[in-house]
Protein chains: 4
Amino acid sequence: MIIVVKRNSEKAQLDTLIKWVKMQGVEVDISVGSNSLVLGLIGDTSKIDIDLVGSMNIVESVKRIGEPYKCANRKFHPEDTIIEIGGHKFGGNNFQIIAGPCSVESEKQVIEIAKAVKASGATLLRGGAFKPRTSPYSFQGLREGGLSLLLKAKEETGMPIVTEIMSVNHIDLFKDVDLVQIGARDMQNFELLKEVGKMDKPILLKRGLANTIEEWLMSAEYIMSEGNKNVILCERGIRTFEPLTRNTLDLSAIPLLKELTHLPVIVDPSHASGLSRLVKPMSLASVSAGADGLMIEVHNDPKNALCDGAQSLTPVQFDDVVKSVDVVLPLVNKERK
Amino acid sequence: MIIVVKRNSEKAQLDTLIKWVKMQGVEVDISVGSNSLVLGLIGDTSKIDIDLVGSMNIVESVKRIGEPYKCANRKFHPEDTIIEIGGHKFGGNNFQIIAGPCSVESEKQVIEIAKAVKASGATLLRGGAFKPRTSPYSFQGLREGGLSLLLKAKEETGMPIVTEIMSVNHIDLFKDVDLVQIGARDMQNFELLKEVGKMDKPILLKRGLANTIEEWLMSAEYIMSEGNKNVILCERGIRTFEPLTRNTLDLSAIPLLKELTHLPVIVDPSHASGLSRLVKPMSLASVSAGADGLMIEVHNDPKNALCDGAQSLTPVQFDDVVKSVDVVLPLVNKERK
Amino acid sequence: MIIVVKRNSEKAQLDTLIKWVKMQGVEVDISVGSNSLVLGLIGDTSKIDIDLVGSMNIVESVKRIGEPYKCANRKFHPEDTIIEIGGHKFGGNNFQIIAGPCSVESEKQVIEIAKAVKASGATLLRGGAFKPRTSPYSFQGLREGGLSLLLKAKEETGMPIVTEIMSVNHIDLFKDVDLVQIGARDMQNFELLKEVGKMDKPILLKRGLANTIEEWLMSAEYIMSEGNKNVILCERGIRTFEPLTRNTLDLSAIPLLKELTHLPVIVDPSHASGLSRLVKPMSLASVSAGADGLMIEVHNDPKNALCDGAQSLTPVQFDDVVKSVDVVLPLVNKERK
Amino acid sequence: MIIVVKRNSEKAQLDTLIKWVKMQGVEVDISVGSNSLVLGLIGDTSKIDIDLVGSMNIVESVKRIGEPYKCANRKFHPEDTIIEIGGHKFGGNNFQIIAGPCSVESEKQVIEIAKAVKASGATLLRGGAFKPRTSPYSFQGLREGGLSLLLKAKEETGMPIVTEIMSVNHIDLFKDVDLVQIGARDMQNFELLKEVGKMDKPILLKRGLANTIEEWLMSAEYIMSEGNKNVILCERGIRTFEPLTRNTLDLSAIPLLKELTHLPVIVDPSHASGLSRLVKPMSLASVSAGADGLMIEVHNDPKNALCDGAQSLTPVQFDDVVKSVDVVLPLVNKERK
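The model shown is predicted, which means the values in this text are computed figures rather than measured ones.

Cut-offs and rules
- Residues numbered from 1 in each chain as written.
- Chains lettered and ligands numbered in written order.
- Predicted model: local features only at pLDDT ≥ 70, side-chain atom pairs only at ≥ 80, totals over all residues.
- Helix = DSSP H or I, 4+ residues; strand = E, 2+ residues; numbered from the N terminus.
- Buried ≥ 20, exposed ≤ 12 C-beta atoms within 10 Å, placed from the backbone.
- Contact = placed C-beta atoms within 7 Å.
- Least-squares fit on C-alpha atoms with pLDDT ≥ 70 in both.
- Nonpolar A, V, L, I, M, F, W, Y, C, P; charged D, E, K, R; others polar.
- Core = buried A, V, L, I, M, F, W, Y, C linked by C-beta atoms within 7 Å.
- Pairing = 2+ DSSP bridges.
- Axes fitted to C-alpha atoms, helices over the stretch in contact; angles between N-to-C directions.
- Parallel < 35°, antiparallel > 145°, perpendicular 65-115°, else oblique.
- Left-handed = near helix turned anticlockwise from the far one by under 90°.
- Expected span 1.5 Å × (residues − 1).
- pLDDT = per-residue confidence, 0-100.

(A) Structural detail: the overall build of chain A. Of the regular secondary structure elements, chain A holds ten helices and 15 strands. Viewed in the frame of its principal axes, chain A has a C-alpha envelope of about 80 × 45 × 40 Å. Counting every position in chain A, which comprises 337 residues, the buried fraction comes to 57%. Considering only contacts in chain A between residues 6 or more positions apart, those separated by 24 or more positions represent 66%.

Next comes the structure, spelled out in structure tokens:
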């Protein structure tokens, strides 16, 4: 950490600052310039509160050199983390496709879709039981009932299940869920992060809709610092000024995350744009950018032609996406297995 | 709601759409143009899922005419809502100043600050007990202990207290808190919104850091639709590309909210910029823009000169802000009382 | 265009509005609802000023159904536009790679790089002569001298050249440039757009750093409406809150543009992130998303090791990117030729 | 400037870097830490290209301590710059109101409005002659003809005139304009900035729609470094995700600019939101935040009731805004004179 001290600071204040810094357990290197005085903090600064330092009245500016996360940091864990769920591996040279309906609606629906996506190559089944909705008047999901239906689909197809948790009160309900999802709106629900950090199962952590990559990794750190090292990151688009897409998929985040962390990174191209016709090109782009997997919405409602255009693909369209993905995978040294 | 149907849509699909719309309990007016066909939905469309409609494959676009919120909507509640907390009124021509430390640190600290801000004119005491922090390694607040200290300060000074709740598990702990704050990161923690919607006490709902005004009002609607009509909105800055301030205070939101809703609206100028030297000008600007109150961070740490420059004001600076606010209040027909 | 009129509007005002609308040459269909009155405008509304309509005091809201651009609109020009530059085709199933130095520095430099990138497969040579720089104290390019050096490189290698124009005063200087670039900061320099719209050569129109896709197409429309139909669009990243990359590459824009317009679309992965190590993954992602070409910065400065890490690739790295791109091209039915 | 060098950098590369830095005319202070090596650059670093340094492959990160602008920097010019235009002063404890129509439409229109706003207290007349419009099909202004009409209004009323220049080709046409405006879309039209920097008249520099405060000051620096020190800054809203207002007025920019620069700063509340009903509250908020003036759109079209709701105020509404502003001015120690 580099602290730039204001010129004309009083010596007494400077001494107090240096004393305080040393109390944080680091060494201080002082560099005197013509216009400023710079303190170089040497040692483990990851637990020093940079906002507090920046707010001190003799500090002109402060800059972190090291990253503020440890468990998630590739510097301290150079090898890719491999997370195995029901025999399917995330990370390394593995590639997994998670698929399923946006919301679980009925036993028939979820089982039909599960079978269809499994046949095409999906290895995990997704489905919303608890649904975060902007409006209290929108369908809130089948909740506990939805979890039961997912478990039936798992029994029927053998596919591990992925579904979103929205409250610390629901931890017990999720004991049979294979991959517990933290949604974008809960990425900084810190009390929930701490609780899932105590669970003995992998967590799928979606990026918040206006969160930086560093904040995202700090949320992973919340989970990991409680003991749960099995975190999979999921890019799902960020909020920008562009109105044509619901969110702007930030694919540069993939290669950046691959440098910064050892955790697996997947992409949700369905929620990112909200437009099913963009799912295929953005899936291929995600694979090319280095993603470790995809999470894709699929529905099976051939009779209700009204919904064809949703962010969900039909099973036939999904099958086509998987086939195309398979062509790109060798280029990035990954394999579905 | 206006639905624009794609040209060349099949008649069978159009009939299905019209049938579905009528099942939602509204009338349909069909307008045929040379390039498009427009359905005007007549009646209560507030519970129709606009995303679902937009995703239908024969729909080119859809536009809501009415707002998707009811309880919070000024159209259905033209009079300002007045919320009284410990004898202090928010809304109408009333103006309140909430002040106190960022975090509750000790009994001495919180009581000293409470007395100081009360003497200057603050009517409610704020203080963080549960602290949302980006890093798991940053101070997380005194938690239950912090609540106790706030209650002691209330006992000592008679000031009602405001503090943030971060988990549905903590509802019982907050039974003696006078104004329960939902922080920016929890603005779309829908399970928490529902629970505080069942509480019998007013809620201070901060704007999410990248949430639109409409999403904010929908979150108020979550609380209100559970029965709790006492919601105070608090603008605290939004995330933009500008790096000099932590957030960009969106003061245009104040007059807009005054049109859209009957709920009181206050501003937190301390968190918005993160710079204490901007608190005074932005407080005055907030009053001028029509805010019903301010929430300001004040600390009392004359010995620890290190922290003078924080987002918190000293009691002396706070006193100066209150005095300046008092000069502007008559201009906007408001009164501290 | 759909105009929603406020309820309680006076009949005289409504009549005036309807009369005004008809004067714009379109028919009006009136739809009366219980809460509002909707006017459907039938005919060519592309030249009606939507902001003006929205500002009328009896108008609650207004929504365009058709797009506000004509020349650039795929609806009126369903076939891909193919633009040929020195025998190299952009658009359709063609794929081109433009490469070269960020700034032209010397004859030796630009010719060496030109030869290197041509050998790897680049078909056009890029190089900055006039450089838009945030600071007046930064190097502003060799200007006219830079253009001469580019022309020498063209003579030497046969490669058509691409370079940025920054002023209407420079139109004559660009008479031998093969593809005239409008930079991001000039995307809404409307006087410049009009002038290049009168040129008899193709224009490379970069997306503005905070411009929507629709605004970008409107800028293409400025050029095309002056008679120059040969516009190539170039996505180069948009400004967001994420600090790790200089800009956020918006790859969803590629498939969206392919729906909305018939113009070729290429991607500049070098400027988007400002990080050379992201150029390869983002190049592959761009191809996968459907881009018609790439524009990549390459330098040749083996002795000056200081600059290795720039947004520019070395010739060796560039060669590797081209080889990887060639593996993906068949997947998207494109070919370099 | 602080340069953090990557650990494990080779000594030869480090030596090259240090040699290069010294060639830029600054001294280097080396600070060696356990995890990094930091170079402190001592002297005038304002002309060192920070992007170039950041791109060097042995550089982990680089941070500027001083600001990259000199002429505009309050550090080197502590006194407020006062700019006098036709006897009206901007800056210091002066406050000016600029008013007039969005576009100049006719002699009668501009003269009537000029007289009305002058009567209410406006001291300068604004009016668009050259209009930057997103669509080539929208009204582009009366151009030269509009300038003539403005000059007639000046002759008639004695008010100095303010109007926007859009091209370096028009410099001569603006020789009788009193305050030359650079619009938001041209804030980084560097060739135009250089040309107006050679003019012998004050420049009104609007903030670009997605430009940071530092970029804005760098554009002022472009003008000032050419010799023209009379630059007035105008905040007019930035682009964010919020759809209810056209732009988000960033009032925190006012007190920040007052710290960073000695130049006068005014606010355009009309363009910021695009909603005339927000002009009054945001004008008062701007004054409270410390602005040196306002620029407000006023129209005079009592017969065409259609336009009442535009971003323009009626003369009566404008008069009310001026009266309210006058109440706030003493609070911020400013005076209209």
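(B) Region of the structure containing the relation of the copies chain A and chain B. You can overlay chain A on chain B at an RMSD of 0.0 Å; the transform is a turn of 180 degrees with a shift of 0.0 Å along its axis. In symmetry terms, the pair is related by a two-fold rotation axis. Of the C-alpha atoms belonging to chain A, the one lying closest to the rotation axis is found on A:Ala210, 3.0 Å away. Taken as a fraction of all interface residues of chain A, those also at the interface in chain B reach 100%, which identifies the copy contact as same-surface.

(C) Quick peek at the interface of chain D and chain C. Opposite the 42 residues of chain D that make contact, chain C presents 42 residues. Counting residues per element, the ones that place at least two in the side of chain D that touches chain C are helix H1 (11-23), helix H5 (190-196) and helix H6 (213-225) of chain D. A per-element tally of the side of chain D that touches chain C places H6(D) first, with five residues. Class assignment of the residues belonging to the side of chain D that touches chain C gives a composition of 18 nonpolar, 15 polar and nine charged.

(D) Main features of the nonpolar core. Core analysis: the biggest nonpolar cluster contains 364 residues, and B:Leu205 and C:Leu205 have the highest contact counts within it. Non-local contacts of B:Leu205, meaning those with residues more than four positions away in its chain, are made with B:Ile182, B:Met187, B:Ser219, B:Ala220, B:Ile223, B:Val231, B:Ile232, B:Leu233 and B:Cys234. B:Leu39, B:Leu41, C:Ile48 and C:Val59 belong to the second-largest nonpolar core, a separate cluster that totals 34 residues.

(E) A look at unusual backbone geometry. The phi angle at B:Asn333 is positive, at roughly 60 degrees, despite the residue not being glycine. Following the sequence through the fold, B:Asn333 ends up in the loop between helix H10 (315-328) and strand E15 (335-336).

(F) Molecular detail of helix H7 (residues 253-260) of chain B. Counting buried positions along H7(B) yields six of eight residues, so the element is predominantly enclosed. For H7(B), every residue scored as buried is listed here: B:Ala253, B:Ile254, B:Pro255, B:Leu256, B:Leu257 and B:Leu260. In this structure, the buried residues of H7(B) make contact with helix H6 (213-225), strand E12 (231-235), strand E13 (265-267) and helix H9 (279-289) of chain B together with helix H9 (279-289) of chain D.

(G) Just the interface of chain A and chain B, in detail. Listed by partner, the interface residues are 42 residues for chain A and 42 residues for chain B. Contributions of two or more residues to the side of chain A that touches chain B are made by helix H1 (11-23), helix H5 (190-196) and helix H6 (213-224) of chain A. In terms of residue class, the side of chain A that touches chain B is made up of 18 nonpolar, 15 polar and nine charged.

(H) Layout of the relation of the copies chain D and chain C. Under the fitted operation, chain D is carried onto chain C by 0.0 Å of movement along the axis and a turn of 180 degrees, and the coordinates agree to an RMSD of 0.0 Å. Take the interface residues of chain D: 100% of them recur as interface residues in chain C, which is what a same-surface contact looks like.

(I) Fine view of the environment of C:Gly183. All names here are of chain C. In this structure, Gly183 sits in the loop between strand E10 (179-182) and helix H5 (190-196). Its 25 C-beta neighbours within 10 Å are what place Gly183 among the buried residues. As a C-alpha pair, Gly183 and Gly92 span 91 residues in sequence and 24 Å in three-dimensional space. Ignoring anything within four residues of it in the chain, the contact list for Gly183 reads Pro132, Glu164 and Lys206.

(J) Structural detail: the sheet that holds strand E2 (residues 27-32) of chain C. Residues and elements named next belong to chain C. If you walk across this open sheet you meet the four strands as E2-E3-E1-E4, and the pairing is antiparallel. Either end of the sheet is taken by a strand with one partner, and the two such strands are E2 and strand E4 (59-63). Neighbouring strand axes in the sheet, compared pairwise and without regard to direction, differ in orientation by 20 degrees on average. In this structure, strand E1 (residues 2-5) lies alongside E4, joined through four bridges in antiparallel fashion. Directly across from Val5, in E4, lies its bridge partner Val59. The strands touched by helix H1 (residues 11-23) are E1, E2 and strand E3 (37-42); relative to E2, the strand with the most contacts, the crossing angle is about 145 degrees.

(K) Just the packing of helix H3 (residues 107-120) of chain A against helix H10 (residues 315-328) of chain A, in detail. All names here are of chain A. Contact geometry of H3 with H10 gives a least axis separation of 9 Å together with a crossing angle of 25 degrees. Classified by the interaxial angle, the pair formed by H3 and H10 is roughly parallel. In this structure, H3 crosses over H10, and the sense of that crossing is right-handed. Taken together, the residues of H10 that come into contact with H3 (itself represented by Ala116, Val117 and Ser120) are Pro315, Phe318, Asp319 and Val322. Class assignment of the residues belonging to the contact of H3 with H10 gives a composition of five nonpolar, one polar and one charged.

(L) Fine view of the environment of A:Glu195. Residues and elements named next belong to chain A. Mapped onto the secondary structure, Glu195 falls in helix H5. As for Glu195 and Ile3, which are separated by 192 residues in sequence, their C-alpha atoms are 35 Å apart. Once residues within four sequence positions are removed from consideration, Glu195 is found in contact with Val168 and Ile171.

(M) View of helix H6 (residues 213-224) of chain C. All names here are of chain C. Compared with the 16 Å implied by 1.5 Å per residue over twelve residues, the 16 Å span of H6 between its first and last C-alpha is a close match. Most of H6 is tucked away, with ten of its twelve residues classed as buried. Buried within H6 we find Ile213, Trp216, Leu217, Met218, Ser219, Ala220, Glu221, Tyr222, Ile223 and Met224. On its buried face, H6 is in contact with H5, strand E11 (203-206), strand E12 (231-235) and helix H7 (253-260).

(N) Broad picture of the sheet that holds strand E2 (residues 27-32) of chain A. All names here are of chain A. Strands sit in the order E2-E3-E1-E4 across an open sheet of four strands; the sheet is antiparallel. Whereas interior strands pair on both sides, the edge strands pair on one side only; in this sheet they are E2 and strand E4 (59-63). Adjacent strand axes in the sheet meet at a mean angle of 20 degrees when their direction is disregarded. Inspection of the sheet shows E2 paired to strand E3 (residues 37-42) by six bridges, in the antiparallel sense.

(O) Molecular detail of the pairing of strand E3 (residues 37-42) of chain D. Across four bridges, the pairing between strand E1 (residues 2-5) of chain D and E3(D) is antiparallel. Bridge pairing links D:Ile3 to D:Leu39 in E3(D).

(P) Fine view of the environment of A:Gly237. All names here are of chain A. If you trace the backbone, Gly237 turns up in the loop between strand E12 (231-235) and helix H7 (253-260). Taking the C-alpha atoms as reference points, Gly237 and Ser324, separated by 87 residues in sequence, lie 22 Å from one another. Filtering out sequence-adjacent residues up to four positions away, Gly237 remains in contact with Arg246, Asn247, Thr248, Leu249, His271, Ala272 and Ser273.

(Q) Highlighting the confidence of the model for chain A. The share of residues in chain A with pLDDT of 70 or more is 96%, and the mean pLDDT across the chain is 91. Scoring of the predicted complex yields 0.94 for pTM and 0.91 for ipTM.

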